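# Summary of structural features
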Amino acid sequence: MKNSNSQQNPNLDSEQQESKPTLLLVDDEESILASLKRLLRRKYKILSTTDGIEALSILQENANNIDVIIVDQRMPKMNGIDFLKQVKSKNPEIVRVVLSAYLDIETVTEAVNQGFIYKFIVKPWDEKILLDSIAEACEYRKLCNHNRELTKKLQQKNKLLSDANDLLQKGLDDNNHKLLINSKMIGLFHEILELLPFPILGIDPVNMIAATNQAAENLFGNHSLLLGSNALLVLPQEISHHLVNNCYCNVDYDYEKSEDFEWNNYKVVVRKLGFTDLQGKLLVFIEK
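Residues numbered from 1 in each chain as written. Predicted model: local features only at pLDDT ≥ 70, side-chain atom pairs only at ≥ 80, totals over all residues. Heavy atoms only, no water.

## Section: the overall build of the protein
The secondary structure content of the protein amounts to nine helices and 10 strands. For the protein, the proportion of its 288 residues judged to be buried stands at 41%. Partitioning the contacts of the protein with sequence separation of at least 6, the portion at a separation of at least 24 is 51%. Surface summary for the protein: the accessible area is close to 17300 Å², and the carbon and sulfur share equals 50%. (Helix = DSSP H or I, 4+ residues; strand = E, 2+ residues; numbered from the N terminus. Buried < 20%, exposed > 50% of the residue type's maximum accessible area, 1.4 Å probe, protein only. Contact = heavy atoms within 4.5 Å. Areas by Shrake-Rupley, 256 points an atom, 1.4 Å probe, with all protein chains shown as cover.)

## Side note on the nonpolar core
Judged by nonpolar contacts, the single largest core of 21 residues is most densely connected at Ile69, Val71, Phe83 and Leu84. Those elements that provide at least two residues to this core are β1 (22-26), α2 (52-62), β3 (68-72) and α3 (80-90). The residues touching Ile69, leaving out its near neighbours within four places in the chain, are Leu24, Leu59, Phe83, Leu84, Val87, Ile94, Val95, Arg96 and Val97. (Core = buried A, V, L, I, M, F, W, Y, C linked by side-chain atoms within 4.5 Å.)

## A short note on the side chain of Asp27
Tracing the sequence through the fold places Asp27 in the loop between β1 and α1 (30-40). For Asp27, a relative accessible area of 2% corresponds to the buried category. Within polar-contact distance, the side chain of Asp27 engages the side chain of Lys123 at 2.7 Å. When neighbours within four sequence positions are excluded, Asp27 is seen to be in contact with Ile32, Leu33, Thr49, Thr50, Asp72, Met75 and Lys123. (Polar contact = N/O pair within 3.5 Å; in protein donor to acceptor, adjacent residues only side chain to side chain.)

## Here's the deal with the pairing of strand β7 (residues 209-212)
Of the strand pairs in this sheet, strand β6 (residues 200-203) and β7 are connected by three bridges, and their pairing is antiparallel. Paired with Gly202 across the strands is Ala211, a residue of β7. Linkage of β6 to β7, two consecutive antiparallel strands, is achieved through a turn of five residues, within which Asn207 is found at a positive phi near 70 degrees. (Pairing = 2+ DSSP bridges.)

## Describing the packing of α2 against α3
One can describe the packing of α2 onto α3 by two numbers: an axis separation of 11 Å at closest approach and a directional angle of 20 degrees. Relative to α3, α2 is oriented roughly parallel. In this structure, α2 crosses over α3, and the sense of that crossing is right-handed. Across the interface between the two elements, Gly52, Ala55, Leu56 and Leu59 of α2 pack against Phe83, Gln86 and Val87 of α3. Looking at the contact of α2 with α3 residue by residue, the class counts come to five nonpolar, two polar and no charged. (Axes fitted to C-alpha atoms, helices over the stretch in contact; angles between N-to-C directions. Parallel < 35°, antiparallel > 145°, perpendicular 65-115°, else oblique. Left-handed = near helix turned anticlockwise from the far one by under 90°. Nonpolar A, V, L, I, M, F, W, Y, C, P; charged D, E, K, R; others polar.)

## Topic: α3
Considered for burial, the residues of α3 that qualify are Gly80, Ile81, Phe83, Leu84 and Val87. Taken down its axis, α3 places every buried residue within 150 degrees of arc, on the same side. Opposite the buried face of α3, by more than 90 degrees, sit the exposed residues Ser89 and Lys90. (Arc of directions from axis to C-beta.)

## Remarks on the sheet that holds β3
Taken in spatial order, the five strands line up as β2-β1-β3-β4-β5 in an open sheet, and their pairing is parallel. Either end of the sheet is taken by a strand with one partner, and the two such strands are β2 (45-49) and β5 (119-122). Adjacent strand axes in the sheet meet at a mean angle of 20 degrees when their direction is disregarded. Pairing between strand β4 (residues 95-100) and β5: four bridges, direction parallel. Bridge pairing in β5 places Val98 opposite Phe120. On the sheet, α1 packs against β1, β2 and β4 and is oriented at approximately 160 degrees with respect to β1. Each of β1, β2 and β3 touches α2; the most contacted strand, β2, lies at about 145 degrees to it.

## Details of the packing of aromatic side chains
Inspection of every chain in the model, using the stated rule, returns six aromatic pairs. Each ring, one from Tyr118 and one from Tyr140, has its centre 4.9 Å from the other, and the planes form 25 degrees; the classification is stacked. With Tyr118 in the loop between α4 (105-113) and β5 and Tyr140 in helix α5 (residues 127-169), the pair connects residues that are 22 residues apart, well separated along the chain. Judged by its relative accessible area of 26%, Tyr118 falls in the partly exposed class. Using a relative accessible area of 38% as the deciding quantity, one classes Tyr140 as partly exposed. (Phe/Tyr/Trp six-rings, centres within 6.5 Å; stacked < 30°, edge-to-face > 60°.)

## A word on the confidence of the model for the protein
When the pLDDT values of the protein are averaged, the result is 78; 72% of them are 70 or greater. Scored below 50 in pLDDT, residues 1-16 makes 39 contacts in the model with residues more than four places away or belonging to other chains. (pLDDT = per-residue confidence, 0-100.)

Right, here's the structure in full:
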């Protein structure tokens with residue numbers, strides 16, 4: 001028997017807002033679906049069905065909108081893990097959760113290890129654990145979407161850089177054209193620097209911050225603008241002290257002998273930059 005809210009063209013609850021994550025609930029017991037809807041409808045858009053075969057049709061029609069699927073393990077025609085295997089093959093970006101009263105450790109462990117399911121929740125569920133698990137699954141989907149967009153942008157920038165390098169390899173002699181290409185490459189490198197997820201600072205020989213990215217601005221956000229500021233004045237005292245007591249900008253300084261240092265939850269990698277007539281240092285903050 002199918003749930004009344006799970007026709008071929010299921011309607012989202014009209015009270016739900018477009019910004020809310022969308023869940024697809026699949027359970028052959030209508031009472032379970034009703035309980036889940038009461039618990040989840042305030043925070044999520046809900047699609048539901050009591051039939052695994054129909055769930056595949058719902059998925060096909062709404063794949064781009066569904067964030068998390070929660071499915072019962074033991075259902076007629078198709079069990080939960082077999083259903084999620086098909087989901088993974090067609091829509092791997094959707095986060096997959098199994099909800100079941102029957103705990104088959106070997107089956108669940110194999111499914112988790114092979115990436116078919118993200119999480120297993122036991123019936124009868126603890127309300128807090130269920131809500132926290134679904135919230136975590138939605139955040140994981142959001143993070144995956146962000147990383148996918150970031151990867152797409154980086155690929156686009158890399159393609160532009162590759163095209164620019166191809167032009168340079170052809171040995172074009174037109175100085176104006178070369179200047180244009182170089183300008184584009186500099187702009188692209190700045191954009192890539194902004195896309196990097198870890199803070200980066202470039203500091204010149206007189207401790208002025210000559211290069212930065214958005215991650216660094218966010219990390220040291222107490223100041224309106226890092227670029228052009230004196231690093232010793234705007235950076236935390238521990239970092240400034242380390243810079244003052246290590247002569248990274250000396251001509252004879254061997255950066256291979258430098259020691260990276262720890263600051264808060266970061267490993268700070270310091271490297272020498274430039275040539276003998278123009279020295280500087282690069283700070284990269286890698287979160288531990």
